[in-house]
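# Structure assessment
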Amino acid sequence: MRYLISGGGTGGHIYPAIAIADRIVEAEPDASILFVGTQKGLEMELVTAAGYEIKPITVSYLKRKLSLHNVKSLGMLLKGLTEAGKIIRQFKPDWVIGTGGYVSGPVVYLAAKKGIKTLIHEQNAFPGLTNRILSKHVDVVALSFEEAACHFRKKDRLVVTGNPIRKEYYQLTVDEARKSFPEYDEKKMVLIAGGSGGSSSINTAVHEMIKHSEELPFKLLWATGKNHYNQMKNIIDEQKLKQCGHQIVPYIHRMPYALKACDLVVCSAGAITIAEIQASEKYAILIPKAYTADNHQEKNARMMESCGFATVIREEELNGALLYQQILNGLLEEHQVLELTKVRPAVDRIWAHLRQD
Ligand SMILES: CC(=O)N[C@H]1[C@@H](OP(=O)(O)OP(=O)(O)OC[C@H]2O[C@@H](n3ccc(=O)[nH]c3=O)[C@H](O)[C@@H]2O)O[C@H](CO)[C@@H](O)[C@@H]1O
């Protein structure tokens, strides 16, 4: 079978698409898979690194109010629809799958109009605009949370699958993962990341905390986010940081290993990151990004907190001293983590729907 997959913009849309592709290939090794993204998006790098072919189309996001930007975006959307149409005609997919982000809009919409089978996946309890529009046209709307259902009108096509994550999260052992990080052997390893784009509030608090980094009883693996990296490197004493055994990087490419190896995670509360933390069986300090649609990151974080799997710090109360204290508490106390054996991987549920024609 032939599968065209589109999802982009941020890691939270791209990694689920890769996880679904990996599951398809596992079940159907001779399947043909092609991704569609935008030239500027993170998807070009991440999808290629995962070993799949990706073709670009031209699209841009729409602002919620009238603006010159929207006039330009509509022009780009028309161009994107033409380009998506050409890719669909040439590739002749049996299924078209969208995992959100505005790039998936024209691809999935055109495929549905042409009568090709379509599935979209929504990662959050509050669905994104592209998926809400597409849901009226597609065959299957796969949800990660039951709570998302009330935002969709056509209930007959909704299925709850959970969030698909890459299989390494279920397969890696802590011992295997730790071999990739021998430098953290004698102190606890704390992983810090602010989602695929990084978080300036987390970076600022970490910077405040590491001013006295030689005294910290743990070592950091700190991903600043690519756009924040140069600025952070300019204001911290990187040499001193290194001497104390901490690492600062723009982006962690081997996140399954880092998450499995670490003793504690500090991160923002994107839906995919949370699914990965659960699968890695780690306790987390979650700092939800405050400006997300319907404040969905705080809802994700509170759900983890209410189950006892995380401590939540709101961005407005975050500072270096509080972060330090919560990391110490997180490392010292015994915490409960999700029992993985009770969870059926979401990719299996999604695959079950793709298999039914
Ligand atoms: C600001 C915003 O609206 N963010 C949204 C976006 O975030 P974002 O892309 O940050 O989404 P997530 O936190 O869910 O996922 C980030 C992904 O990037 C990976 N990663 C991250 C950092 C790094 O250095 N290396 C790395 O590999 C993580 O392991 C994860 O797989 O999509 C998510 C899923 O739709 C939403 O829940 C988030 O609210």
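Since the model is a prediction, treat every value here as computed from it, not as a measurement. All chains use their own residue numbering, which begins from 1 and follows the written sequence. For a predicted model such as this one, the threshold for reporting local features is a pLDDT of at least 70, and the threshold for listing and counting side-chain atom pairs is 80 or more; totals across whole chains, interfaces and linings nevertheless cover every residue.

### Some remarks on the site of the ligand
- Residues are counted as near a molecule or strand when the C-beta atom, derived from backbone positions, lies within 6 Å of that molecule or strand. Taken together, 25 residues are adjacent to the ligand, and Thr10, Gly11, Gly12, Gly195 and Gly270 come closest.
- Elements represented by at least two residues in the shell around the ligand include exactly α1 (11-27), α12 (271-279) and α13 (296-306).
- Each residue belonging to the shell around the ligand can be placed in one class, and the counts come to eight nonpolar, 15 polar and two charged.
- Looking at the shell around the ligand, you find at least three residues from each of domain 1 (2-164) and domain 2 (169-342). Helix and strand definitions follow DSSP, with helices as H or I runs of at least four residues and strands as E runs of at least two, each counted in order from the N terminus. Basically, the charged four are Asp, Glu, Lys and Arg, the nonpolar ten are Ala, Val, Leu, Ile, Met, Phe, Trp, Tyr, Cys and Pro, and anything else, Gly included, counts as polar. Annotation comment: domain bounds sourced from an automatic or database domain assignment.

### A look at the UniProt feature "binding site: UDP-N-acetyl-alpha-D-glucosamine" (unreviewed entry) in the protein
- UniProt positions are given in the numbering used here, feature names are shortened, and annotations may be inferred rather than shown by experiment. Under the UniProt annotation, "binding site: UDP-N-acetyl-alpha-D-glucosamine" (unreviewed entry) lies at Thr10, Gly11, Gly12, Asn124, Arg166, Ser196, Ile252 and Gln297. Across 288 residues in sequence, these annotated residues place their C-alpha atoms as far as 22.8 Å from one another, rather than forming a single compact spot.
- The topology assignment puts Gly11 in helix α1.
- Residue burial here comes from a neighbour count, namely the number of other C-beta atoms, placed from the backbone, that lie within 10 Å of the residue's own C-beta, with 20 or more meaning buried, 12 or fewer meaning exposed, and in between meaning partly exposed. Classification of Gly11 by C-beta neighbours within 10 Å gives buried; the count is 21.
- Setting aside residues no more than four positions away along its own chain, Gly11 makes contact with Leu42, Leu46, Ser196 and Ile272.
- Here Gln297 shows up in helix α13.
- C-beta atoms are placed from the backbone for every residue, and two residues are taken to be in contact when these atoms lie within 7 Å. Once residues within four sequence positions are removed from consideration, Gln297 is found in contact with Ser268, Ala269, Gly270, Pro288, Lys289 and Thr292.

### Notes on the pairing of strand β6 (residues 140-143)
- The two faces of β6 match: Val140 and Ala142 on one face and Val141 and Leu143 on the other face are all buried.
- The handedness of the strand β5 (residues 117-122) to β6 crossover, carried by helix α5 (residues 129-134), is right-handed.
- In this sheet, strand β7 (residues 158-160) lies alongside β6 in parallel orientation, the contact comprising three bridges. Pairing of Val141 across the sheet is with Leu158, part of β7. Crossover handedness is defined by viewing with both strands directed away from the observer: a clockwise path from the first strand over the helix to the second marks the crossover as right-handed. Strands were regarded as paired on the criterion that DSSP finds at least two bridges between them.

### Notes on the sheet that holds strand β8 (residues 188-193)
- Judged by pairing direction, the sheet is parallel, and its six strands sit side by side in the order β10-β9-β8-β11-β12-β13 without closing on themselves. Only two strands of the sheet have a single partner each, and these edge strands are β10 (247-249) and β13 (310-312). Each strand of the sheet is rotated relative to its neighbour by a mean of 15 degrees, with strand direction disregarded.
- Relative to β13, strand β12 (residues 284-286) runs parallel, the two being bridged by three bridges. Bridge pairing in β13 links Ile285 to Thr311. Every angle, taken between N-to-C directions, lies between 0 and 180 degrees, and every axis is a line fitted to C-alpha atoms, over only the stretch in contact when it is a helix.

### Some words on the environment of Pro182
- Counting through the fold element by element, Pro182 comes out in the loop between α7 (174-178) and β8.
- Taking the C-beta count within 10 Å as the criterion, Pro182 has 8 such neighbours and is therefore assigned exposed.
- Residues Pro182 and Ala261, spaced 79 residues apart in sequence, show a C-alpha to C-alpha distance of 10.0 Å.

### Considerations on the environment of Thr173
- Position of Thr173 among the secondary structure elements: in the loop between α6 (168-171) and α7.
- Counting along the chain gives 112 residues from Thr173 to Ile285, while the straight-line C-alpha distance between them is 22 Å.

### Observations regarding the domain arrangement of the protein
- For the protein, the assigned domains read domain 1 (2-164) and domain 2 (169-342).
- Each of domain 1 and domain 2 was reduced to a C-alpha centroid, and the two centroids are 29 Å apart.
- On the domain 2 side, the residues contacting the twelve residues of domain 1 number ten residues.
- Residue classes in the side of domain 1 that touches domain 2 are distributed as five nonpolar, seven polar and no charged.

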